[in-house]
Amino acid sequence: MSALSCNKLTKTFTQGSQTIKGLDDVSIAIAEGSFVCLSGPSGSGKTTLLNAMGGLDTPDSGEILVGDMRVDQMNKSDLADMRLHNIGFVFQSYNLIPVLTAQENIEFVMQIQGIPADQRSAKSREILAEVGLADHEGRRPAQLSGGQQQRVAVARAIVSNPTLVLADEPTANLDSVTATQLMDLFAELNQSRGITFVIATHDARVMEYCRRLIKMEDGKIISDQEQPGRGANV
Amino acid sequence: MADKHSPSAGILATLAWRNLWRNYRRTLIMLTAIVVGVWAMILFSAMMRGMLDEMVQAGLRVLPGEVQVHHPDYQDDPSVVNSMSAPKGKLLQVLNTPPVTAWTTRLKVPGMISSERDNRGVLLLGVDPAGEIALGFDPGDIVQGRFLESADDKGIVIGRKLAERLETRLGKRVVIMSQNPYNDVADRGVRIVGIYRARLQATEELFVYTSRALLQKMLEVEDEISEVAITADNYEHVDAWWRDIDAAAGPDLDTQPWTVLDAYLGSMYEIQGTMNVIIMVIIFIALSFGLVNTLVMAVFERVREIGLMMALGMRPQWIMYQVLLESLMLLSLGLVIGNALATATVLPLESGIDISVVGDGLEMYGMGATLYPTLALEDMLMSTLIVLVLGLLASLIPAWRASRYNPVEALTKT
Ligand SMILES: Nc1ncnc2c1ncn2[C@@H]1O[C@H](COP(=O)(O)OP(=O)(O)O)[C@@H](O)[C@H]1O
Ligand SMILES: [Mg+2]
């Protein structure tokens, strides 16, 4: 079964008198456990597609399935629940809640899921160790470097074993060493835990990591290829 | 999928509390405003209570008795025709039973008093001196001479101001005059045995005390009286017992509590609670602008993280609860400190504030030169209720706005 499939998605934005095609008849299927990059120049529709996949935004038309759930037919609160339980998000910046510590940021998701405190605490510590931040649990985002913040965001994204992790330009604000380390982490988690990743990027070094590279332009998919990459072989 | 978990309230509380202190200067300013507002509400109410209490006490002191029984026509025509016989039977029984602590009877008729220099219209009170004292007349108010000593005392006690008006003094003889039931003028010469003072000059000029027997004899009414005056030493609770007196007095007599006898004081007393609430609401409205503004700013500064929380799957109503909780924390903190501050400042004032500087102008309202603020639990609870309920209502606006953000747009706000 696919972790995710989209069928004939369209989305238009109007800006003044102009209409922009954010998504223009996009259809893709993403297999469970795959490691996919969504590439393309700025404005090509990567964010729009990721937001539609993750139930953050609704397309004008078309079908979206996450697992066997029809995301395009959900109301707002069902979408919120779907995001909470099935999707992990990593954004370009501003990923963490400033008043919460690293551990609390990870526990936040589990708390709104209603997971009991003892389980939350054990799980969040374990996952912090997994992303290499074992002794940073008490730090607030402002006390962490950009790379560390993104690692906490990754930890939060995977903590509740989502069907899918969507990352929108996760390395855009990182230097190349840190960016590479973050991509190593993604690849590792993909291999070790079998988590499905879809990463939007226009960074060539990021694209190298992926096993499947989807290129977009003007809201359309212009190419879709397998490549050696570093992720799991599915 | 459809599992509708509630977030643990803990995370909402943690977020609300930490967010509250994020911009601690703004929070402290708002907190100060709430504290001062709550303090002002309670202080104002305490002052009002003290003032009204003074007015009522003063009013009751003029002619003691929280409940009075009269002939049904006495209020319209307080002449001796509309008198009644002394209480007996059931009424007498009730008068000697708690909560009644004291009662007395009076013959009270309009009349004239003349000295060799001048004359004035007055209210002649034929009283039982012991009964008046039991009911609240303060013998300490006798500034010259003595008060009446028995129910058939032959002397007369007049007010200081009346003596001045009549250009007479202690020891002099004056003539009192009124109509007897046969419409004949009855008069009698009496000696001034005492001069009393009252809070109000008007009282000193109006009330003239004679013994009940003397007045009864002068007016040729054997044992007739105009009123029974009754006290339970607590004017506030009069509603609890005056109807029992009424029932015992029977349908042929009129029984009225002080709230009816002095309609002005009665209505003041009745609207006091409402007035305090109105003032509290007005103070709160002034506060609410600051509160709403503070929350709107706090929410606006946090658009992106609100978007983030929504993106992560937090339901819009939880965002709303979080803002409301933040407001509730701020309000509660303000209430605790405000109430503590009000208690700390009002309690020492309960022994009295000298307002003689402004007091002269207030005398017409029955105010004395000292104000005794009264801290009432009722006012503290009411201000707390108003601040919490209206505060949360006002907070609904920013809270609702926060919950309406679209996560995609909120996340990309810069
Ligand atoms: N909310 C919006 N309003 C108007 N135009 C938008 C909006 N969001 C995206 N767009 C437009 O849609 C196109 C695709 O945007 P986006 O998906 O953000 O591209 P990418 O993430 O690949 O840079 C762009 O032309 C962008 O200007
Ligand atoms: Mg983008």
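Our subject is the structure listed above.
Residues numbered from 1 in each chain as written. Chains lettered and ligands numbered in written order. Predicted model: local features only at pLDDT ≥ 70, side-chain atom pairs only at ≥ 80, totals over all residues. Heavy atoms only, no water.

**Quick notes on the overall build of chain A**
Right, so step 1: Check the secondary structure of chain A and you find seven helices and ten strands.
Right, so step 2: Here chain A has a C-alpha radius of gyration of 17 Å; the compact-globule value for 234 residues is 17 Å, and the two agree.
Right, so step 3: Taken over the C-alpha atoms alone, chain A extends approximately 50 × 40 × 40 Å along its principal axes.
Right, so step 4: When the 234 residues of chain A are sorted by exposure, 55% land in the buried category.
Right, so step 5: Intrachain contacts of chain A at a sequence separation of at least 6 include 68% that bridge at least 24 residues.
Right, so step 6: Split by element, the accessible area of chain A, about 9500 Å² in all, is 45% carbon and sulfur.
Right, so step 7: Once the 21 positive and 28 negative side-chain charges of chain A are each reduced to a mean point, those two points are 2 Å apart. (Helix = DSSP H or I, 4+ residues; strand = E, 2+ residues; numbered from the N terminus. Rg over C-alpha atoms; globule rule 2.2 N^0.38 Å. Buried < 20%, exposed > 50% of the residue type's maximum accessible area, 1.4 Å probe, protein only. Contact = heavy atoms within 4.5 Å. Areas by Shrake-Rupley, 256 points an atom, 1.4 Å probe, with all protein chains shown as cover. Lys, Arg positive; Asp, Glu negative; His and termini not counted. Charge placed at Lys NZ, Arg CZ, Asp CG, Glu CD.)

**Thoughts on the overall build of chain B**
Right, so step 1: Within chain B, the regular secondary structure consists of 15 helices and 14 strands.
Right, so step 2: Relative to the compact-globule value of 22 Å for 414 residues, chain B shows a C-alpha radius of gyration of 32 Å, a clear excess of over 25%.
Right, so step 3: Summarising its shape, the C-alpha atoms of chain B cover approximately 100 × 45 × 30 Å along the three principal directions.
Right, so step 4: Here chain B, with 414 residues, has 49% of them falling under the buried criterion.

**A few points about the sheet that holds strand S6 (residues 87-90) of chain A**
Strands belonging to one sheet form pairs held by backbone hydrogen bonds; the direction of such a pair is parallel or antiparallel.
Residue and element names in this part refer to chain A.
Right, so step 1: Strand order in the open sheet made by the six strands is S6-S7-S8-S3-S9-S10, with mixed pairing throughout. Strands with a single pairing partner mark the edges of an open sheet, and in this sheet they are S6 and strand S10 (220-226). Between one strand and the next, the sheet's axes are offset by a mean angle of 15 degrees, whatever the strand orientation.
Right, so step 2: Where strand S3 (residues 35-39) and strand S9 (residues 212-217) come together, four bridges link them in parallel fashion. Bridge pairing in S9 links Ser 39 to Lys 215.
Right, so step 3: Most of the contacts of helix H5 (residues 146-158) go to S6, to which it runs at about 170 degrees, and overall it touches S6, strand S7 (164-168) and strand S8 (196-201). (Pairing = 2+ DSSP bridges. Axes fitted to C-alpha atoms, helices over the stretch in contact; angles between N-to-C directions.)

**Let's talk about the state of the cysteines**
Right, so step 1: Applying the stated criterion to the full structure yields one disulfide over all chains.
Right, so step 2: Looking at Cys 6 of chain A, it has no disulfide partner, and the nearest cysteine sulfur is the one in Cys 37 of chain A, 16 Å off. (Disulfide = S-S within 2.5 Å.)

**What to know about the nonpolar core**
Right, so step 1: Ranked by internal contacts, the top residues of the largest apolar core, which has 83 residues, are Leu 49, Met 53 and Phe 108 of chain A.
Right, so step 2: Top element by residues in this core is helix H12 (residues 316-349) of chain B. It accounts for eleven residues.
Right, so step 3: In this structure, Val 90, Val 152, Ala 153 and Tyr 209 of chain A belong to the second largest nonpolar core, which totals 37 residues. (Core = buried A, V, L, I, M, F, W, Y, C linked by side-chain atoms within 4.5 Å.)

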